[in-house]
Amino acid sequence: MVEAGRSPNIEILTSATLKSIKGRAGNFTAEVFQQPRYINEDLCTACGVCTMYCPRPIADVYNERLDITRATHIDFPQAIPTSYYIDPKACLRVNYQTCNLCAQTCTAGAIDFSQKPKNMKLKVGSVILAPGFGRVGHDVLEKFGYGRYQDVVTSYEFERLTCASGPTEGHLVRPSDQATPKKIAFLQCIGSRDVTCGNGYCSSVCCMYAIKEASVAKEHEPDLDISLFFMDVRTQGKGFDAARKRAEEKYGLNVIRARVPKIDQIDSKLALTWTTDDGESHSDLFDMVVLSVGLDAPEDAHAIADIAGIELNSYDFCKTSHGAPLSTTKNGIYVAGAFQGPKDIPESVTQASGVAAIASELLKEGRGSQTITVTYPDEDKALEEEEPRIGVFVCHCGVNIAGVVDVKAVRDYAASLPNVAYYEDTLYSCSQDALKAIAQKVKENRLNRVVIAACSPRTHEPLFQETLRSIGLNPALFEMANIRDQCAWVHAQEPEEATQKSKDLVRMAVAKARLLEPLAQPTVDVTQKALVLGGGAAGMTVALSIADQGFETVLVEKSKVLGGNLRKLTWTVDGQDARKILKDLVRKVEKHPKIDVMLDSELESTSGYVGNFTSTISTGGKTEMVNHGVMVIATGGKEYKPKGYCYGESRQVLTQLELEQRIAKGKSGFKTTKNVVMIQCVGSRGEDMEHCSRLCCSQAVKNALKIKELKPDANIYILYRDMRTYGFSEDLYREARQKGVRFLRYTPDNRPEVVKQARGIKVNVYDRLLGEEISIPANLVVLSTGIAPGENENLSKLLKVPLTQDGFFLEAHAKLRPVEVAVDGVYLCGLAHGPKGLEEAVSQAKAAAAKAAIPLVKGKVAVEPIVSRIDKATCIGCGICASLCPFNAIQMVKEGKRKKAETITASCKGCGICASHCPVLAISMGGFTDEEIFAQIHAFSPDGCGEGSEAEKK
Amino acid sequence: MSKAGAIMVLGGGIAGVQTALDLADLGYYVYLVEKKPYIGGVMAQLDKTFPTNDCAI
């Protein structure tokens, strides 16, 4: 968010709505209407005085109306734009020409009631729709007691109630009497999977957020008793099942599988009544009930559709198809995020990058024609070389730090430290106005080192360093003391000690800052070519997108044909012809002038770094070298081959993919079929593999419905653990139930058993409703075998890209960097990342294509300044560093008679393993030299300095 | 007629913001149109995120 606020090429238009779109793909004119803010964003310092004086109280919508704010306010302190805002509906001045208090008290003169609504006509080549999702209606919530019983709250409200910056500052209280609840129930599927409210689909995110909210509540109140009522537990995302299990165990969450309970109030308690799938009825009393509200289509979906000229699906989400999930029904207009269908953050982020690739394919001729390039002022080398003049800025982080640590005392303490030429406390040092102020102070006081005592450098260091660059200082002349995580948070109960520790950290940071030196920031040229590993649906999509964006692409496929697992599919879950999708993709790839397809080929070795890789590809014994700037892993996965269940012993036992091939042949394969039994989670979810394979549930209902088409009187049984037909696939699940497919739930400790008999086979399974084991004679047993990782170990070692415990490639960040990996310039998509359906694989492939194209577009990459430096005079050439480097970033070079180590700076990640193992201390790390670290340690040790510092002794 | 080098993104939630960032990195000028007075969408209202409990802001 902050990044978007700082980008010179992103113009943020808030309080703005789209009025019309004219023209065609490549050249649209969009008319946008913008309401006035009545506060000049550039002048507002976000000091908050206007809110203090505003006499008009209004419900705080950001806090779900659980709190009161004023007509002039800011939603939250880190908001972008970091400017206050006047609600025109509530403001006395706007509505009645009375009051003018805010304007009179604003010392910055930012309040401007002369602002008028604006109409803008924007010339754009493409329009991306990302309006998000809407709220489930009040009438739906009322069915579950919301509005009638005070202590029934929505999940949005609960989110704010547990948030430290929320209306109760994170103290969990129930609305009726402000008492801390002891027993809470979460009800799932509110406004989801419910045809009575018009939302037949599954919202896909509520199971996860309920578990998260329950876990956070337990962190606040460890003695809480929490029950969650699920119809099915749908934690099908990558690593989500494992996270759910951990949360259940760690917090003792009580998971109940039942339809949504009935709710009544008895005195001050809420009485829930529910029926479990063994037919038993239960009831219990709770202090508070949280409704896990689903994601609805945006309220303005129809308006958007009319303006953009696109079609919606039956639930008012944007109409798309599994083969082209990000394309609307109109060329040049694309969609990403929850408007495309309910989805979580990683999926939204993936689609967001994916849609960027599609727009970039369309508009490549216009690329760069309207962008603004930022130039930084030259570094003031003379100032940098002067005696250190250190500025110390101590951040309140609102109450996050100042609620525990005495920030002003820490600030005053900093004044006593040597070389500190300026000191100040700031409310939120990361806010845009504070950054401006810091830059101003650094310039005014000719500071050449900056220490910020705030939060974590992991999240905020780049932001502050950017500020330094903008005023001509080398970003390495910066040091952070993390007094939030390491003081305010971990010592929340000991404010005095936390303050003392903050002083210690600031003293240490200042000691280090005195020795900081500027570090070079070189850039390297990029070879504008991509290498894509894997020629399945994901790999072909990536290659096509990168090539369509204008760059040469080499596509390497291990087998003799393109297509991968897509070759085995007949239909997609949304009923499209998978073979046609395959044919189209293969045709486009084969005839694309910028794509070089290498079949029967494998990556043998690779060297280099982002922008400059050299890979050896072997094709039937022959090898070829390819120079490329980026690389995408799209090597796929494979169908898990089941053990047991009489698979391979009886021709009547198939996998879902084998069944699909039989269905494709038509009725003949099912002439004598009476009973079909499908068994879910064969191999998955703890049987052999730990992960959930995500798509088998949808695949099973899809195939069950196909069998019903071919043979309507067939009895179909699906034996499952949780039906995970998330999103719009829920429609298929419901249709299957309506058409008589029987669903029987089993538990992992009582798995179904396939028994071969003299004639035919039977399946024994425990029927929970009857309370006894039943035996189903079957003509066909279909195993939903899930997805196993490919042979990833070799590639993982070759590229130094780590794998997850389940054997899939590990992304750089599960939420915010879902298609990048730990190694720069290498990207990831498809089944190599984890199990997923075609729709998700295509979105992810587009996302990988966008990320991979970024260095190709830029033509240059900046090299990390924190790299190892080897003092060749001291180096004895032992080679320990080179053998230990996990990034292949040290090479041994012959110099005269001896070998010496040399860092390949572009590959170096600055991990420091080499420096810590060098027997002669010849290696130092930029920004972390031995001298700097020793200075920090000395500053800490009591004998070294005590209250002052070592400099005081001098 | 040559194609425009600017793109409009409607919606300033996590999807819109990420799209805008990537498009800017890919060499396009972006208009990020948000109906509310602030960007961030629903994600800015979340305290923590599943499963890593990272801060949402």
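Presented here is a report on the structure given in the accompanying data block. Here the structure is a predicted model, which is why all the values come from computation and not from measurement.

**With respect to the overall build of chain A**
Phase 1 of the analysis: Scanning chain A from terminus to terminus reveals 27 helices and 46 strands.
Phase 2 of the analysis: Here the C-alpha radius of gyration of chain A, 31 Å, is about what a compact globule of 954 residues would show, namely 30 Å.
Phase 3 of the analysis: Along the first, second and third principal axes, the C-alpha set of chain A runs to 95 × 85 × 65 Å.
Phase 4 of the analysis: Here chain A, with 954 residues, has 56% of them falling under the buried criterion.
Phase 5 of the analysis: Sequence separation of at least 24 residues holds for 68% of the intrachain contacts in chain A that already meet a minimum separation of 6.
Phase 6 of the analysis: The distance from the centre of the 115 positive side-chain charges to the centre of the 117 negative ones in chain A is 6 Å.

**Brief notes about the interface of chain A and chain B**
Phase 1 of the analysis: Tallying the contact residues gives 93 residues for chain A and 51 residues for chain B.
Phase 2 of the analysis: Summing both sides of the interface, chain A and chain B together bury roughly 6100 Å²; the carbon and sulfur share of this comes to 65%.
Phase 3 of the analysis: Where chain A meets chain B, there are four salt bridges.
Phase 4 of the analysis: Where Asp 22 of chain B meets Lys 851 of chain A, a salt bridge forms, and the shortest distance between an N and an O atom there is 2.7 Å.
Phase 5 of the analysis: Here the side of chain A that touches chain B gets 10 residues from one element, more than from any other, and that element is helix H10 (residues 345-362) of chain A.
Phase 6 of the analysis: In terms of residue class, the side of chain A that touches chain B is built from 51 nonpolar, 24 polar and 18 charged.

**Examining the pairing of strand E12 (residues 225-230) of chain A**
Residue and element names in this part refer to chain A.
Phase 1 of the analysis: For E12, a buried count of five out of six residues is recorded, marking the element as mostly surrounded by other parts of the structure.
Phase 2 of the analysis: Inspection of the sheet shows strand E11 (residues 183-190) paired to E12 by five bridges, in the parallel sense. Among the inter-strand pairings, Ala 185 is bridged to a residue of E12, identified as Ser 227.
Phase 3 of the analysis: Handedness of the crossover joining E11 and E12 through helix H7 (residues 206-220) is recorded here as right-handed.
Phase 4 of the analysis: For E12 and strand E13 (residues 254-257), the ladder comprises four bridges, and the chain directions are parallel. When the bridges of E13 are listed, Ser 227 appears paired with Asn 254.

**Focus on the nonpolar core**
Phase 1 of the analysis: Formed by 73 residues in total, the largest nonpolar core has its most connected members in Ile 10, Val 542, Ile 546, Leu 566 and Val 632 of chain A together with Leu 23 of chain B.
Phase 2 of the analysis: Sort the elements by how many residues they give to this core and helix H23 (residues 838-858) of chain A lands first, with 11 residues.
Phase 3 of the analysis: Every residue in contact with Val 542 of chain A, bar those within four places of it in the chain, is listed here: Val 532, Val 632, Cys 829, Ala 845, Ala 848 and Ala 849 of chain A.
Phase 4 of the analysis: Membership of the second largest hydrophobic core comes to 53 residues, among which are Val 392, Tyr 413, Cys 430 and Cys 487 of chain A.

**A word on the sheet that holds strand E20 (residues 420-426) of chain A**
Residues and elements named next belong to chain A.
Phase 1 of the analysis: If you walk across this open sheet you meet the four strands as E20-E19-E21-E22, and the pairing is parallel. Looking along the sheet, the strands with just one partner apiece sit at the ends: E20 and strand E22 (478-482). Each strand of the sheet is rotated relative to its neighbour by a mean of 15°, with strand direction disregarded.
Phase 2 of the analysis: Both strand E19 (residues 390-395) and E20 contribute to a ladder of six bridges, which runs parallel. Each bridged residue has a counterpart across the sheet, and for Val 392 the counterpart in E20 is Tyr 423.
Phase 3 of the analysis: Docked against the sheet, helix H12 (residues 407-415) engages E19 and E20, running at close to 175° with respect to E20.

**Looking at the packing of aromatic side chains**
Phase 1 of the analysis: Across all of its chains, the model carries 16 aromatic pairs over all chains by this definition.
Phase 2 of the analysis: A centroid spacing of 6.4 Å and a plane angle of 75° characterise the contact between Tyr 85 of chain A and Tyr 38 of chain B, whose relative ring orientation is edge-to-face. Here Tyr 38 of chain B lies in the loop between strand E2 (29-33) and strand E3 (48-49) and Tyr 85 of chain A lies in strand E7 (residues 85-86), a pairing that spans two chains.
Phase 3 of the analysis: On the basis of an interplanar angle of 75° and a centroid distance of 4.9 Å, the ring pair of Tyr 201 of chain A and Tyr 315 of chain A is categorised as edge-to-face. In this pair, Tyr 201 of chain A sits in the loop between E11 and H7 while Tyr 315 of chain A sits in the loop between helix H9 (301-308) and strand E18 (333-335), placing the two residues 114 residues apart along the sequence.

Reading guide: rules and limits
Residues numbered from 1 in each chain as written. Chains lettered and ligands numbered in written order. Predicted model: local features only at pLDDT ≥ 70, side-chain atom pairs only at ≥ 80, totals over all residues. Heavy atoms only, no water. Helix = DSSP H or I, 4+ residues; strand = E, 2+ residues; numbered from the N terminus. Rg over C-alpha atoms; globule rule 2.2 N^0.38 Å. Buried < 20%, exposed > 50% of the residue type's maximum accessible area, 1.4 Å probe, protein only. Contact = heavy atoms within 4.5 Å. Lys, Arg positive; Asp, Glu negative; His and termini not counted. Charge placed at Lys NZ, Arg CZ, Asp CG, Glu CD. Buried area = accessible area lost by both parts, 1.4 Å probe. Salt bridge = Lys/Arg side-chain N within 4 Å of Asp/Glu carboxyl O. Nonpolar A, V, L, I, M, F, W, Y, C, P; charged D, E, K, R; others polar. Pairing = 2+ DSSP bridges. Right-handed = clockwise from strand over helix to strand, strands pointing away. Core = buried A, V, L, I, M, F, W, Y, C linked by side-chain atoms within 4.5 Å. Axes fitted to C-alpha atoms, helices over the stretch in contact; angles between N-to-C directions. Phe/Tyr/Trp six-rings, centres within 6.5 Å; stacked < 30°, edge-to-face > 60°.

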